[in-house]
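Survey of secondary and tertiary structure
Given next are the chains, with one letter for each unit.
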Amino acid sequence: MSKIKKCLFPAAGYGTRFLPATKAIPKEMLPVLTKPLLQYGVEEAIEAGLDTMAIVTGRGKRSIEDHFDISYELEHQIKGTSKESYLTEIRSVINACTFSYTRQVEMRGLGHAILTGETLIGDEAFAVVLADDLCDNDGDGVLSQMVKLYEKYQCCIVAVEEIPPEDSNKYGVIAGDTIKDSTYAKNSLVRVNDMVEKPELQDAPSNLAIIGRYILTPDIFDVLRETQPGKGGEIQITDALLEMAKIGKVIAYKFDGTRFDCGNVDGFVEATNYFYTKSN
Ligand code: UTP
């Protein structure tokens, strides 16, 4: 069995909910305290044992590449000063993994962004992290929990959490049958048999919503190639995963930990307060 080594970060979106901040700065580079959202995601992937980061970018996203690179001028300037410690974390991130990039030329949705990443992933199972979903857990990180689950079940895995029903139209919502597995908390594993992208409250098949962590098997690319634009005219990963679910190949996992939706201002402020309190 091959281990998961690669993590795909779709980061090409416009981040319109954060305008005007995201006019010239990628949403993924907005900092919670002093660290950009994307760096939290990369650290979570490294903690899960992944060492190859594949980032789907777009126009105006070059600061992402500069962030995960050495700035010789800056290094030279602060070498030997007390400020050097500020760079410790990012240096160890850069040393722990490799980064490769590809551009999504047209923003045709998350499914399309993932398909664009095929060139960096190839024919192996991989993780996907949406960096604007910021996750934290005192034990194993969310991705680490999912990698372990993949090693056991060898199929696509989506992280889910319970949401208030009125929020259904912001998420992909799943339904399915509970898997009994004594290693996991009761009702934390579901064999998915239905999935709806952003349903209205009355059409939601459950209160379990997909958040921005996935493990995908490479056959997803063939399905995505055939997936037609869905909700909002975008190619939806939910629609492709529904095809995989029909043949029993998707598990939804209620993870241990906390998630902040940093794609909107309220979630971003909550995350900032949480990490500030935690760091003091
Ligand atoms: P969002 O739905 O949060 O979209 O995408 P967005 O464009 O970033 O933000 P808003 O809604 O305009 O404020 C979820 C993730 O998928 C990526 C985004 O970068 C984000 O990480 N994405 C989305 C792409 O990479 N390409 C796309 O075409 C769409």
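The structure presented is a predicted model; accordingly, all values stated were derived computationally and were not measured.

With that settled, consider the overall build of the protein chain. Summing up its helical and strand segments, the protein chain has 10 helices and 13 strands in all. Dimensions of the protein chain, computed from the C-alpha atoms along their principal axes, are close to 60 × 40 × 40 Å. By sequence separation, contacts in the protein chain at least 24 residues apart represent 77% of the contacts at least 6 residues apart. Distance between charge centres in the protein chain, computed from 30 positive and 42 negative side chains, equals 1 Å.

Turning to the pattern of salt bridges, a few remarks are in order. Taken as a whole, this structure holds 22 salt bridges when the rule is applied. The residue Arg259 makes a salt bridge to Asp133 at a minimum N-O spacing of 2.7 Å. In this pair, Arg259 is assigned in strand β13 (residues 258–261) and Asp133 in strand β7 (residues 133–136), connecting sequence segments 126 residues apart. Assessed through its relative accessible area of 7%, Asp133 is described here as buried. The partner of Glu162 in a salt bridge is Lys254, and the shortest N-O contact between them spans 3.1 Å. Here Glu162 is found in strand β8 (residues 156–162), whereas its partner Lys254 is found in strand β12 (residues 250–254), with 92 residues between them in sequence.

Moving on: the layout of surface pockets. Its volume calculated, the largest pocket comes out at about 1100 Å³. As for the largest pocket, its lining consists of 39 residues, of which Arg17, Lys27, Leu130, Asp132 and Lys198 are closest to the centre. Of all the secondary-structure elements, those providing two or more residues to the lining of the largest pocket are α5 (110–116), β11 (208–216), α9 (237–246) and β13. Here the element with the most residues in the lining of the largest pocket is β11; it accounts for four residues. Here the lining of the largest pocket is composed, by residue class, of 14 nonpolar, 12 polar and 13 charged. Computed from the structure, the second largest pocket encloses a volume of approximately 410 Å³.

Moving on to the site of the ligand. Around the ligand lies a shell of 18 residues, among which Thr16, Arg17, Lys27, Gln104 and Gly109 are the nearest. Pro10 places a main-chain nitrogen or oxygen 2.9 Å from an oxygen atom of the ligand. The side chain of Lys27 places a nitrogen or oxygen atom 2.8 Å from an oxygen atom of the ligand. Relative to its free-state accessible area of 570 Å², the ligand is covered by the protein chains to the extent of 82%. Cavity membership is defined here by more than half of the atoms lying within 2 Å of grid points; on that basis the ligand lies in the largest pocket.

Taking 1.5 Å as the rise per residue, helix α10 (residues 265–279) with 15 residues should run 21 Å; its terminal C-alpha atoms sit 21 Å apart, in good agreement. By the burial criterion, the buried members of α10 are Gly267, Phe268, Ala271 and Phe275. The buried residues of α10 all sit within an arc of 100 degrees when viewed along its axis, so they share a single face. Relative to its buried face, α10 has exposed residues pointing more than 90 degrees away, namely Asp266, Tyr276 and Thr277. Looking at the buried residues of α10, the elements they touch are β2 (31–32), α1 (37–47), β7 and β13. A side-chain oxygen of the first residue of α10 lies 3.1 Å from the backbone nitrogen of Asp266; this N-cap is Asn264.

The rules behind these values
- Residues numbered from 1 in each chain as written.
- Predicted model: local features only at pLDDT ≥ 70, side-chain atom pairs only at ≥ 80, totals over all residues.
- Heavy atoms only, no water.
- Helix = DSSP H or I, 4+ residues; strand = E, 2+ residues; numbered from the N terminus.
- Contact = heavy atoms within 4.5 Å.
- Lys, Arg positive; Asp, Glu negative; His and termini not counted.
- Charge placed at Lys NZ, Arg CZ, Asp CG, Glu CD.
- Salt bridge = Lys/Arg side-chain N within 4 Å of Asp/Glu carboxyl O.
- Buried < 20%, exposed > 50% of the residue type's maximum accessible area, 1.4 Å probe, protein only.
- 1 Å grid on protein atoms, 1.4 Å probe; cavity = no way out; pocket = protein on both sides within 12 Å on 5 of 7 lines; lining within 4 Å.
- Points joined across faces, edges and corners; volume = space filled by probe spheres on them.
- Nonpolar A, V, L, I, M, F, W, Y, C, P; charged D, E, K, R; others polar.
- Near = heavy atom within 4 Å.
- Polar contact = N/O pair within 3.5 Å; in protein donor to acceptor, adjacent residues only side chain to side chain.
- Areas by Shrake-Rupley, 256 points an atom, 1.4 Å probe, with all protein chains shown as cover.
- Sits in = over half its atoms within 2 Å of the grid points.
- Expected span 1.5 Å × (residues − 1).
- Arc of directions from axis to C-beta.

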